[in-house]
Amino acid sequence: MYDVVVIDDEMHVRQGIIHNTDWESVECRVIGEAADGKSGFDLILTRNPDLVICDIRMPLMDGLEMTLQLRKRGIDVKIIFLTAYSDFSYIQKALRLGAVDYILKPFANGQLESAIRRITSPQGSENTGAEQEEPEERDGRLLPLVTQNPSMNRYVRSAIRYIEEHYREENVSISTVAAALDLSEGHLSRLFKKDTGMSVSTYVTTFRIRVSMRLLRDVHCRVSEAARSAGYQDVGYFSNTFRKMTGMSPSEYQEKA
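Residues numbered from 1 in each chain as written. Predicted model: local features only at pLDDT ≥ 70, side-chain atom pairs only at ≥ 80, totals over all residues. Heavy atoms only, no water.

Q: Is there a simple way to think about the packing of helix α8 (residues 154-166) against helix α9 (residues 174-181) in this case?
A: Between two packed helices, what matters for the description is the angle formed by their axes and the separation of those axes. It is at 10 Å that the axes of α8 and α9 come closest, and there the two elements cross at 120°. When the interaxial angle is binned, α8 and α9 end up oblique. Helix-helix and strand crossings are classified by hand; for α8 and α9 the assignment is right-handed. The segment α8 lies against α9, with Y155, S158, A159, Y162 and I163 engaging T176, V177, A180 and L181. (Axes fitted to C-alpha atoms, helices over the stretch in contact; angles between N-to-C directions. Helix = DSSP H or I, 4+ residues; strand = E, 2+ residues; numbered from the N terminus. Parallel < 35°, antiparallel > 145°, perpendicular 65-115°, else oblique. Left-handed = near helix turned anticlockwise from the far one by under 90°. Contact = heavy atoms within 4.5 Å.)

Q: Would you explain the confidence of the model for the protein chain in this entry?
A: As a general rule, the predicted coordinates of low-pLDDT regions are not to be interpreted in detail. Taken residue by residue, the protein chain gives an average pLDDT of 87. The fraction at 70 or more is 93%. Across residues 123-131 the pLDDT falls below 50, and counting only partners more than four positions away or on other chains, this stretch makes 10 contacts in the model. (pLDDT = per-residue confidence, 0-100.)

Q: Sorry if this is basic, but what is going on with the nonpolar core here?
A: One broad rule of soluble globular proteins: the nonpolar side chains tend to lie buried together. Residues I163, V177, L188, F192, Y203, I209 and F242 are the most contacted members of the largest nonpolar core, which totals 40 residues. It is helix α11 (residues 200-216) that contributes the most residues to this core, eight residues altogether. Leaving out residues up to four positions away in the same chain, F242 has contacts with I209, S212, M213, L216, G247, M248, S249, P250 and Y253. Among the nonpolar cores identified, the runner-up in size contains 24 residues, and V5, V52, L64 and F81 belong to it. (Core = buried A, V, L, I, M, F, W, Y, C linked by side-chain atoms within 4.5 Å. Buried < 20%, exposed > 50% of the residue type's maximum accessible area, 1.4 Å probe, protein only.)

Q: Please explain the packing of aromatic side chains as it appears in this structure.
A: Each pair of aromatic rings is reported with the distance of its centres and the angle of its planes. For the coordinates displayed, the defined rule picks out six aromatic pairs. Each ring, one from Y232 and one from Y237, has its centre 6.0 Å from the other, and the planes form 50°; the classification is tilted. Ring geometry for Y232 versus F238: centroids 5.4 Å apart, planes at 50°, classification tilted. You'll find Y232 and F238 in the same group, each marked buried. Put simply, the rings of Y232, Y237, F238, F242 and Y253 pair up and form one aromatic cluster. (Phe/Tyr/Trp six-rings, centres within 6.5 Å; stacked < 30°, edge-to-face > 60°.)

Q: Is there a simple way to explain the state of the cysteines in this structure?
A: Such a bond, covalent and formed between the sulfur atoms of two cysteines, is termed a disulfide. Taken as a whole and assessed by the stated rule, the structure comprises zero disulfides. With no disulfide partner, C28 has as its closest neighbouring cysteine sulfur the one in C54, 16 Å distant. Under the relative-accessibility criterion, C28 is labelled buried at 4%. (Disulfide = S-S within 2.5 Å.)

Q: Looking at this structure, I do not really get the side chain of D36. What am I missing?
A: Topologically, D36 is positioned in the loop between β2 (28-34) and α2 (37-47). In this structure D36 is buried but unpaired, with K38 as the nearest side chain of opposite charge at 7.3 Å. Of note is the side chain of D36, whose polar atom sits 3.0 Å from the backbone nitrogen of K38. (Lys, Arg positive; Asp, Glu negative; His and termini not counted. Salt bridge = Lys/Arg side-chain N within 4 Å of Asp/Glu carboxyl O. Polar contact = N/O pair within 3.5 Å; in protein donor to acceptor, adjacent residues only side chain to side chain.)

Q: What is the right way to read the pattern of salt bridges from this model?
A: Opposite charge on two side chains allows them to pair when their charged atoms are near. Inspection of every chain in the model, using the stated rule, returns five salt bridges. R71 is the salt-bridge partner of D76, the closest N and O atoms lying 3.9 Å from each other. Across the pair E252 and R243 runs a salt bridge, and its minimum N-O distance is 3.9 Å.

Q: I keep staring at the environment of M198 and nothing clicks. Help me out?
A: Structurally, M198 is set in the loop between α10 (185-196) and α11. Spatially, the C-alpha atoms of M198 and G74 are 34 Å apart, while their sequence positions differ by 124 residues.

Q: So what exactly am I meant to see when it comes to helix α13 (residues 235-246) here?
A: Across its 12 residues, α13 extends 16 Å between first and last C-alpha, which sits within 8% of the 16 Å expected from 1.5 Å per residue. Listed as buried for α13 are F238, T241, F242, M245 and T246. Down the axis, α13 shows its buried residues gathered within 110° of arc, on one side only. Opposite the packed face of α13, turned more than 90 degrees from it, sit the exposed residues Y237, N240 and K244. Its side-chain oxygen at 2.9 Å from the backbone nitrogen of G236, D234 defines the N-terminal cap of α13. Looking at the residues trailing α13, positive phi occurs at G247, about 85°. (Expected span 1.5 Å × (residues − 1). Arc of directions from axis to C-beta.)

Q: Just checking my understanding: could you explain the sheet that holds strand β3 (residues 51-55) for this structure?
A: Remark on secondary structure: sheet strands pair via backbone hydrogen bonds, oriented parallel or antiparallel. The strand order β2-β1-β3-β4-β5 describes an open sheet built from five strands, whose pairing is parallel. One side of each edge strand has no neighbouring strand; the edge strands of this open sheet are β2 and β5 (101-104). Direction aside, neighbouring strands of the sheet carry axes that sit 20° apart on average. Pairing between β3 and strand β4 (residues 78-83): five bridges, direction parallel. Counterpart to V52 in the pairing with β4 is I79. Each of β1 (2-7), β2, β3 and β4 touches helix α1 (residues 11-20); the most contacted strand, β2, lies at about 165° to it. (Pairing = 2+ DSSP bridges.)

Structure follows, in structure tokens:
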């Protein structure tokens with residue numbers, strides 16, 4: 001049985017995680033909770049959990065600083081980060097600090113259990129997990145993307161469907177998506193950010209890069225071909241965007257994938 005601590009400054013999120021997660025199915029139990037990084041740091045030192053579910057943006061001490069202080073003390077507790085911020089710089093810092101996984105808010109039912117199961121199951125151990133992950137799952141962890149689900153606003157679902165159908169077109173933007181849905185850009189922007197955690201433009205970019213990642217897993221696919229198929233006419237711009245989003249160039253990704 002794994003002992004778990006949950007740290008999140010939003011009480012309804014924290015309580016939702018504690019009470020709505022099927023802990024028994026992942027052989028875990030919650031032994032404590034905290035509402036900020038400083039309290040979470042003290043709680044981890046006191047309770048010595050096996051796993052921490054932790055938000056990144058919190059008062060007093062954020063999740064990244066808390067983890068840094070734990071590592072300085074030699075505490076190598078496993079941490080799954082939760083964040084509503086899709087900026088890859090947060091994820092890069094989390095991975096450098098030894099985070100075992102991260103999930104973008106809002107996350108779907110069962111997503112947290114799946115992340116925990118990758119850690120607690122024998123197949124999800126550090127020695128074998130990366131090798132046994134499916135490519136799509138590995139790409140999803142590297143560059144997460146919220147897909148359509150019934151809990152989303154219907155306009156958000158329609159916007160995602162529009163992006164999926166038109167991402168190859170060079171001029172896809174919040175203007176074109178909003179016009180297609182007969183909504184104001186401001187209204188669509190608020191709805192979209194609430195349900196996906198990212199702006200429409202960031203979603204389009206993330207979707208395009210995920211498409212290119214799938215294509216680049218074929219060693220015979222040229223970077224220029226992947227760029228054009230993902231909606232980029234300028235290969236240099238595509239390569240810069242790819243590196244910014246994933247932390248590596250398209251060629252480096254292709255070699256590793």
